Amino acid sequence: MKKLLFEIGTEELPANYMPNILKDLKELALKKLQDARVPFADITVLGTPRRLAVLVSGVEETQADSTEEFKGPAVNIAFKDGEPTKAAQGFARGKGVGVKDLIVRDNYIYAVKHTQGQPTAALLPHVLLEILTNIPFPNHMRWADFDFRFLRPLHWLVALFGSEIVPVAITDIQSGRYTMGHRFLSNRQIEIPVADDYEKILEENFVIADQDKRREIIRQQITELAREEGGEIEIAPDLLEEVNYLVEYPTPLCGNFEKKYLALPEAAIITPMRDHQRYFPVRGKDGRLLNKFIAVRNGGKAFLENVTHGNERVLRARLSDAEFFFNEDRKQKLEAYEEKIKTVVFQEGLGNMYDKSQRLMQLVEMLHFSLQSRVPLDDLKRAARLCKCDLVTGMVTEFTELQGFIGEDYAIKDGENKAVCKGISEHYYPLNANSGLPCEIIGQIVSIADKIDTICALFISTQNENKLLKNRFFFSPLASSNKINHLCRKYNFVKGKNMKQSEIKRLIETTVEVTVEKLLNRKELEVPRTQEEWLTTSEAAKMIGISPYRLRMLKDKFEHQKSGDAQSGRLLFKKSSLLESYIR
């Protein structure tokens, strides 16, 4: 048994693509080797910014033998008077066996074909070329005048079966036993005598090929350095993963910035560090942010002071910009930006962000009543009103990742209720399928209202308006939105226990229909202010989002009465009974 090595040397690969590329590469190599019937023990994939490698251990030197059985025609068709017919002869010829080798079973004839395994070395060139040309990438590029496409231009190939070179050729590159060391610390060709020595030789030339080992080295280095500086490192898993694929030989460094920048909102300090510069923030033992950061260099310790100084200059410029925008923003309260959001288009034909915030105020009022929430309605509407105001601040214009967080910080500085402030930032959650959910009830309700309004608006923008107006229930599939159902199941609104699935569906259907009608008509939604108010059929139908005709058909389910003459008077519905019966 031998070890197989296949290394693909490239220009620097995008770090955020690497985890999925390595996963797909392992699955592809596994499939290609199994299809070729090459026995092996285990597959390992390795990745750095400049290389993808497949290491296959325990590879047999001979392909596994195979036995295939093919079912043919029925016996009465294959033989006549004991002699094979043309059907049997053609079947045997097509399967590469003699007629006398056909076997009979269950009234059918079968051809059994035995194939002896070939030497593995003869199969590997085709297998490795298939792997190289079929790696799935999010996007591809071409270079020079070659038709071949890859994620980044290729520079070398190493293909070894034990100590034997496996010939693989693509574009103008021929495989061999020479790889490259670290771009700066060992930028030269390095010979790999045998596949078993691959990782050891690379490490001697300042390349840690194993991404898991490299990740743990980075984690340990930055943790120890932070402790030496009197703090604790804040490690975001996604940032650690990205940094892991930006370096081949990690060396940490600690930089500083002026303490005056700590007066900025914490998110405004961490975002330039983490998202723009790939730095790790450092916190004190009390959990507060320190004026320090840790970066990871792709190289050794030589001239580390110069590198540290350069990183400090870059971050200082970023924080200086943030300080300027923060000071400009704080010349007025967050509420003052409400007028300016009228200039931000939400969706063509569906108004601006001010219109959206007005709809949110109405939707949260409806959800507040129907959910019997104990949260003060004024706080809920205040959060809905202010939640989009930070979109036009200088800070969010410059650092778009801070939307919501800046709104919360500015609201706190303006003296707003803490629950309102938290709701402003939490209403954006969940950000994606893996994101957390809002923790506070205000954030939960505003989040659901915002998601429903957005989904309805995007749905309407792709549909024919006349069709929607003629059939109000054309948009009912929106109520089955997995995202909104997931939100509602996670939130614990009603009397300390989760809502039933039927209750969630009814609530969403109602809210979606009212939202769509509001978007289409662009009129103020009249929501009665007292629970004992009696509504006309038209008002009641609009309130719960069904047609007046349907409401009349269902009138016995709600508390109702007729005004004036019992024969000719208008049908009136009691608001509290209507919503309680319909939504519950």
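What you are looking at is a predicted structure, and each value in this text was computed from that prediction instead of being measured.

> Looking at this structure, how should I read the side chain of E248?
Examined against the element boundaries, E248 turns out to sit in the loop between α7 (237-244) and β16 (250-256). Among the residues examined, E248 registers a relative accessible area of 2% and is labelled buried. With residues near it in sequence (within four places) discarded, E248 still touches T48, P49, R50, R51, G181, H182, R183, F206, V207, I208, R214 and N298.

> Can you help me understand the sheet that holds strand β9 (residues 154-161) in this one?
The strands making up a sheet are joined through hydrogen bonds of the backbone, oriented either antiparallel or parallel. Across the sheet, which stays open at both edges, the 5 strands sit in the order β2-β3-β1-β9-β10 with antiparallel pairing between neighbours. The open sheet has two edge strands with one neighbour each: β2 (42-48) and β10 (164-165). Pairing of β2 with strand β3 (residues 51-59) involves 7 bridges; the strand directions are antiparallel. Along β3, the bridge assignment pairs T48 with R51. Helix-sheet contacts for helix α1 (residues 18-35) involve β2 and β3, and the interaxial angle to β2 is about 150°.

> What is the right way to look at the confidence of the model for the protein in this model?
Detailed reading of the predicted coordinates is not advisable wherever pLDDT falls low. For the protein, mean pLDDT is 85; residues scoring 70 or higher make up 82% of the total. Ranking the elements of the protein by mean pLDDT puts helix α16 (residues 465-470) last with 43 and β9 first with 98. Counted against residues more than four places away or in other chains, residues 464-499, with its pLDDT under 50, gives 75 contacts. Confidence drops under pLDDT 50 across residues 519-532; counting only partners more than four residues distant or on other chains, this segment forms 38 contacts.

> Looking at this structure, I do not really get the sheet that holds strand β15 (residues 232-233). What am I missing?
Read across the open sheet, the 4 strands follow the order β15-β17-β18-β16; overall the sheet is antiparallel. Each edge of the open sheet carries a strand with a single partner, namely β15 and β16. Examined bridge by bridge, strand β17 (residues 280-283) and strand β18 (residues 289-298) share 3 bridges and lie antiparallel to one another. Among the inter-strand pairings, F280 is bridged to a residue of β18, identified as I294. Relative to the sheet, helix α6 (residues 211-228) contacts β15, β16, β17 and β18, its axis offset from that of β16 by approximately 30°.

> Looking at this structure, I do not really get the pairing of β18. What am I missing?
Consecutive side chains along a regular strand alternate between the two faces of the sheet. Across the 10 residues that make up β18, a large majority, 7, are buried. Relative to β18, β16 runs antiparallel, the two sharing 7 bridges. What sits directly across from L253, in β18, is A295. From the end of β17 to the start of β18, which pair antiparallel, there are 5 residues, and G287 there has a positive phi angle of about 90°.

> Please explain the environment of N187 as it appears in this structure.
With respect to the helices, strands and loops of the structure, N187 is situated in the loop between β13 (178-180) and β14 (189-191). C-alpha separation for the pair N187 and N205, spaced 18 residues apart in sequence, amounts to 8.7 Å. What N187 contacts, discounting residues up to four positions off in sequence, is R50, M180 and H182.

> Please explain helix α8 (residues 266-276) as it appears in this structure.
The α-helix advances 3.6 residues per turn, and as a result positions three or four apart in sequence lie on the same side. Taken together, the buried positions of α8 are occupied by A268, I269, I270, T271, P272 and M273. On its buried side, α8 packs onto β17, β18, α9 (304-329) and α12 (394-398). Positive backbone phi, approximately 60°, marks R278, located one or two places after α8.

> So what exactly am I meant to see when it comes to the nonpolar core here?
Most often, soluble globular proteins have nonpolar side chains that are buried together. Counting residues in hydrophobic clusters, the biggest one holds 55 residues, and the most contacted among them are F257 and M395. Take this core: its biggest share by element is 8 residues, from helix α15 (residues 441-461). Dropping the residues within four chain positions of it, F257 is found in contact with L262, I269, M273, L290, N291, K292, F293, L315 and L319. Counting 42 residues, the second largest nonpolar core, distinct from the first, contains A36, L52, L154 and V168.

> Help me out: how do you make sense of the packing of aromatic side chains in this one?
The geometry of an aromatic ring pair comes down to the distance between the two centres and the angle between the two planes. The full count for this structure, using the stated rule, is 7 aromatic pairs. Seen from their ring centres, F326 and Y410 are 5.9 Å apart, and the 55° between their planes marks the pair as tilted. Placement of F326 in helix α9 and of Y410 in helix α13 (residues 405-413) is noted, with a sequence separation of 84 residues between them. Accessibility classification places F326 together with Y410 in one group, the buried group.

> Mind showing me how you'd approach the state of the cysteines here?
Think of a disulfide as a covalent bridge from one cysteine sulfur atom to another cysteine sulfur atom. In the structure shown here, the tally under the stated rule is 0 disulfides. Between C387, a cysteine without a disulfide, and C389, which holds the nearest cysteine sulfur, the sulfur-to-sulfur distance is 7.7 Å. Here C387 falls in the buried class, since its relative accessible area comes to 0%.

> Looking at this structure, I do not really get the packing of α1 against helix α4 (residues 120-133). What am I missing?
Working note: a packed helix pair is described by the angle between its axes plus the distance between those axes. In contact at an axis separation of 10 Å, α1 and α4 are set at 150° when each is read in the N-to-C sense. One finds that α1 runs roughly antiparallel with respect to α4. For α1 against α4, the interelement crossing comes out right-handed. Touching L25, L28, A29, K32 and L33 of α1 are L124, V127, E130 and I131, all from α4. Each residue belonging to the contact of α1 with α4 can be placed in one class, and the counts come to 7 nonpolar, no polar and 2 charged.

> Would you mind going over the pattern of salt bridges with me for this structure?
Side chains bearing opposite charge may pair, as long as their charged atoms lie close to each other. By the definition in use, this model includes 34 salt bridges. Here D450 and K388 are joined by a salt bridge, their closest N and O atoms 3.4 Å apart. Of this pair, D450 sits in helix α15 while K388 sits in the loop between α11 (377-386) and α12; the two residues are 62 residues apart in sequence, bridging distant segments of the chain. For the residue pair D450 and K388, the accessibility class agrees, reading buried in each case.

> How should the environment of R219 be read in this particular structure?
Residue position: R219 is located in helix α6. Between the C-alpha atom of R219 and that of N244, which follows or precedes it by 25 residues, the distance is 9.6 Å. In contact with R219, other than residues within four places in its own chain, are I235 and L240.

Conventions used here
- Residues numbered from 1 in each chain as written.
- Predicted model: local features only at pLDDT ≥ 70, side-chain atom pairs only at ≥ 80, totals over all residues.
- Heavy atoms only, no water.
- Helix = DSSP H or I, 4+ residues; strand = E, 2+ residues; numbered from the N terminus.
- Buried < 20%, exposed > 50% of the residue type's maximum accessible area, 1.4 Å probe, protein only.
- Contact = heavy atoms within 4.5 Å.
- Pairing = 2+ DSSP bridges.
- Axes fitted to C-alpha atoms, helices over the stretch in contact; angles between N-to-C directions.
- pLDDT = per-residue confidence, 0-100.
- Core = buried A, V, L, I, M, F, W, Y, C linked by side-chain atoms within 4.5 Å.
- Phe/Tyr/Trp six-rings, centres within 6.5 Å; stacked < 30°, edge-to-face > 60°.
- Disulfide = S-S within 2.5 Å.
- Parallel < 35°, antiparallel > 145°, perpendicular 65-115°, else oblique.
- Left-handed = near helix turned anticlockwise from the far one by under 90°.
- Nonpolar A, V, L, I, M, F, W, Y, C, P; charged D, E, K, R; others polar.
- Salt bridge = Lys/Arg side-chain N within 4 Å of Asp/Glu carboxyl O.

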